[in-house]
2 protein chains.
Amino acid sequence: MLKNPVVLLDLVNRLANLMRSEYRRIGGEDGLQPVHVLALMFLEQANRFSNTPQALAEYLGLTKGTVSQSLLLLDRRGLIERYQDEIDRRVVRLRLSPQGEAFLGEANPAGLWQMATREISANRVRYSVSVLRTILYELQNFSGGPSFGVCNTCVYCQRKSQRIHHCTWFGERLSGPETRKICREQVPKTGSLSASD
Amino acid sequence: MLKNPVVLLDLVNRLANLMRSEYRRIGGEDGLQPVHVLALMFLEQANRFSNTPQALAEYLGLTKGTVSQSLLLLDRRGLIERYQDEIDRRVVRLRLSPQGEAFLGEANPAGLWQMATREISANRVRYSVSVLRTILYELQNFSGGPSFGVCNTCVYCQRKSQRIHHCTWFGERLSGPETRKICREQVPKTGSLSASD
DNA sequence: GTCTTTAGTATTGAATCGATATTAAAATTT
DNA sequence: AAATTTTAATATCGATTCAATACTAAAGAC
């Protein structure tokens with residue numbers, strides 16, 4: 001007897017397995033493993049508070065030592081750049097190199113997914129996003145890690161005017177595009193969690 | 001700029017990463033890797049047309065050689081049993097051993113997930129299941145593998161009477177409990193795909 | 001100024017994983 | 001019916017991931 005939440009878990013597992021195969025296929029041509037493709041995808045989306053090895057390790061659910069190795073490889077291949085943080089000099093910042101961006105542009109790891117979701121209405125996608133986001137938030141509550149949500153759905157993200165946003169967590173101004181990236185400190189607004197049934 | 005389907009993909013990836021960590025934590029006490037826990041979970045749910053190494057390989061998105069190694073380990077640990085198919089003697093059938101069932105019962109790999117989804121209404125879960133199932137079906141259309149859905153949502157599953165179901169694909173009778181397991185040949189009914197918006 | 005904490009890296013060993021080759025049974029063709 | 005091809009699964013091997021441990025360096029606490 002299969003209860004519905006378990007069916008949902010099974011679907012998430014299986015979808016992730018399928019996409020993992022896709023990442024393997026895509027990365028294989030360049031000698032990259034699935035985890036490398038996932039890392040590049042993360043760096044493409046991470047905002048400036050979340051582009052560190054530590055954040056990536058939490059996102060992937062791996063140890064920082066393991067992730068350090070993967071980053072070494074990506075660095076050797078010239079797909080990412082590493083630079084020291086100005087203020088806290090222990091912190092390493094990561095960004096995609098032009099080659100890294102070119103790789104993502106050509107390989108397009110989400111392409112298969114986009115084809116598969118093409119026929120699904122925006123409403124249904126939005127609704128599912130809201131449900132999965134709730135689960136993610138609850139999961140991280142129980143297991144202690146950050147939830148990595150999109151900035152503009154966060155309680156700390158305040159809209160000051162047409163173009164200016166402000167993060168009350170980090171106490172910094174945010175540009176419009178920045179608020180559409182992924183942040184490790186994101187805490188979802190209750191509004192964005194309980195979409196109408 | 002993040003489009004909504006990509007946000008959904010990101011959520012699926014991240015949820016799967018988190019659950020993978022959970023599987024690692026749970027299996028670690030018994031020296032099992034995440035992939036072993038996933039395999040046991042699959043065998044718990046697979047119906048009698050889908051309990052083979054081949055099907056497991058397709059489910060996990062790995063090669064059959066790789067999966068063969070994992071099964072060897074699970075067999076050595078006494079967590080699964082392998083037996084030959086009566087009719088096609090190339091085929092190996094797999095099932096959980098009593099120890100395997102005991103492990104899943106105690107470790108409860110989906111426990112964290114069930115806690116995280118406890119507060120989410122059955123409607124919202126059902127709706128999300130329907131959306132993800134559609135995506136899974138589309139994904140497998142593009143990439144060629146089977147979709148592994150629950151039997152009773154399949155076009156081939158015919159209800160003959162109160163208790164008797166019939167699979168028009170394999171041409172065999174199915175018991176009620178069997179129709180709630182996962183099948184590799186499942187093709188979702190259109191009804192179960194397009195839940196109302 | 002010492003101690004503790006935190007971010008990241010190096011090293012090592014176990015385990016996954018794919019590629020290739022092989023075995024054995026079934027299906028197909030001639 | 002014999003030969004060929006296909007299919008399910010396993011064995012071997014080498015490359016790669018990954019965790020564990022130890023380590024360095026910077027920041028923060030006392």
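Placed above this text is the structure.
Residues numbered from 1 in each chain as written. Chains lettered and ligands numbered in written order. Predicted model: local features only at pLDDT ≥ 70, side-chain atom pairs only at ≥ 80, totals over all residues. Heavy atoms only, no water.

A. Spatial organisation of the overall build of chain A. If you tally the helices and strands in chain A, you get 8 helices and 7 strands. Expected size for 197 residues packed as a compact globule is a radius of gyration near 16 Å; at 18 Å, chain A falls within 12% of this value. Overall, the C-alpha framework of chain A stretches about 50 × 45 × 30 Å when taken along its three principal axes. Intrachain contacts of chain A at a sequence separation of at least 6 include 57% that bridge at least 24 residues. Total accessible area computed for chain A in this model is approximately 9600 Å², and 49% of it derives from carbon and sulfur atoms. On chain A, the mean spot of the 26 positive side-chain charges and the mean spot of the 19 negative ones are 3 Å from each other. (Helix = DSSP H or I, 4+ residues; strand = E, 2+ residues; numbered from the N terminus. Rg over C-alpha atoms; globule rule 2.2 N^0.38 Å. Contact = heavy atoms within 4.5 Å. Areas by Shrake-Rupley, 256 points an atom, 1.4 Å probe, with all protein chains shown as cover. Lys, Arg positive; Asp, Glu negative; His and termini not counted. Charge placed at Lys NZ, Arg CZ, Asp CG, Glu CD.)

B. A look at the nonpolar core. The biggest cluster of nonpolar side chains holds 102 residues, and the ones touching the most others in it are I135(A) and I135(B). Once residues lying within four places of it in the same chain are set aside, the contact partners of I135(B) are L15(A), W113(A), A116(A), T117(A), I120(A) and L8(B). (Core = buried A, V, L, I, M, F, W, Y, C linked by side-chain atoms within 4.5 Å. Buried < 20%, exposed > 50% of the residue type's maximum accessible area, 1.4 Å probe, protein only.)

C. Summary view of the protein's contact with DNA strand C. Neighbouring residues of DNA strand C: 21 residues in total, closest Q54(A), R82(A), R90(A), H36(B) and T66(B). For DNA strand C, the fraction of protein-proximal atoms (within 4 Å) that sit in sugar or phosphate groups is 73%. Interatomic distance of 2.6 Å between a side-chain N/O atom of T66(B) and a phosphate oxygen of DNA strand C. Between a phosphate oxygen of DNA strand C and a main-chain N or O atom of I87(B), the distance comes to 3.2 Å. Breaking the surface near DNA strand C down by element, the ones donating at least two residues are α3 (53–60) and α4 (64–76) of chain A together with α2 (34–45) of chain B. Of the residues in the surface near DNA strand C, the class split is 6 nonpolar, 8 polar and 7 charged. (Near = heavy atom within 4 Å. Polar contact = N/O pair within 3.5 Å; in protein donor to acceptor, adjacent residues only side chain to side chain. Nonpolar A, V, L, I, M, F, W, Y, C, P; charged D, E, K, R; others polar.)

D. Region of interest: the sheet that holds strand β6 (residues 172–174) of chain A. All names here are of chain A. The sheet built from 3 strands is open, its strands ordered β4-β5-β6 with antiparallel pairing. Each of the sheet's edge strands pairs with one partner strand only, and the pair in question is β4 (157–159) and β6. Ignoring strand direction, the axes of neighbouring strands in this sheet form an average angle of 35°. Here β4 runs beside strand β5 (residues 165–167); their pairing, made up of 3 bridges, is antiparallel. By the bridge assignment for β5, C157 is matched with C167. (Pairing = 2+ DSSP bridges. Axes fitted to C-alpha atoms, helices over the stretch in contact; angles between N-to-C directions.)

E. The packing of aromatic side chains, seen in detail. By the definition in use, this model includes 5 aromatic pairs over all chains. Where Y127(A) meets Y127(B), the ring centres are 4.2 Å apart and the plane angle is 45°; that geometry is what we call tilted. Of this pair, Y127(A) sits in helix α7 (residues 122–143) while Y127(B) sits in helix α7 (residues 122–143), placing the two residues on different chains. For Y127(A), a relative accessible area of 11% gives the class buried. Members of the aromatic cluster, each reached through a chain of ring pairs, are F42(A), Y59(A) and F148(A). Note that R95(A) overlies the ring of Y83(A), its terminal NZ or CZ placed 4.3 Å from the centroid. (Phe/Tyr/Trp six-rings, centres within 6.5 Å; stacked < 30°, edge-to-face > 60°. Lys NZ or Arg CZ within 6 Å of the ring centre and 35° of its normal.)

F. Fine view of the sheet that holds strand β6 (residues 172–174) of chain B. All names here are of chain B. Reading across from one edge, β4-β5-β6 is the order of the 3 strands in this open sheet, with antiparallel pairing throughout. Taken across any chain shown, the strands that pair with only one partner, and hence form the sheet edges, are β4 (157–159) and β6. Averaged over all neighbouring strand pairs, the angle between strand axes comes to 35°, with direction disregarded.

G. Summary view of the pattern of salt bridges. Within this structure, the stated rule accounts for 13 salt bridges over all chains. Across the pair R90(A) and D88(A) runs a salt bridge whose closest N-O atoms are separated by 2.8 Å. On the basis of relative accessibility, which here comes to 71%, the residue R90(A) falls in the exposed class. Residues D75(B) and R82(B) are paired through a salt bridge, measuring 3.0 Å at the closest nitrogen-oxygen approach. Residue classification places D75(B) among the partly exposed positions, given a relative accessible area of 28%. (Salt bridge = Lys/Arg side-chain N within 4 Å of Asp/Glu carboxyl O.)

H. Seen up close, the relation of the copies chain B and chain A. Superposing chain B onto chain A takes a rotation of 180° combined with a translation of 0.0 Å along the rotation axis, leaving an RMSD of 0.0 Å. Such a turn and shift between the copies fits a two-fold axis. Considering only C-alpha atoms, the residue of chain B closest to the rotation axis is S128(B), which sits at 2.6 Å. In this assembly, 100% of the residues forming the interface of chain B have copies in chain A that are likewise at the interface, indicating an isologous arrangement. (Least-squares fit on C-alpha atoms with pLDDT ≥ 70 in both.)

I. Molecular detail of the interface of chain B and chain A. In this complex, chain B contributes 65 residues to the contact, which on the side of chain A involves 65 residues. Between chain B and chain A, roughly 6600 Å² of surface is buried when both sides are summed, and carbon and sulfur atoms account for 68% of that area. On inspection of chain B and its partner chain A, the count reaches 0 salt bridges. Summed over the shared surface of chain B and chain A, the number is 16 residue pairs in polar contact (both at pLDDT 80 or more). Breaking the side of chain B that touches chain A down by element, the ones donating at least two residues are α1 (4–28), α2, α3 (53–60), α6 (111–116) and α7 of chain B. A per-element tally of the side of chain B that touches chain A places α1(B) first, with 19 residues. A per-class count over the side of chain B that touches chain A returns 39 nonpolar, 16 polar and 10 charged. (Buried area = accessible area lost by both parts, 1.4 Å probe.)

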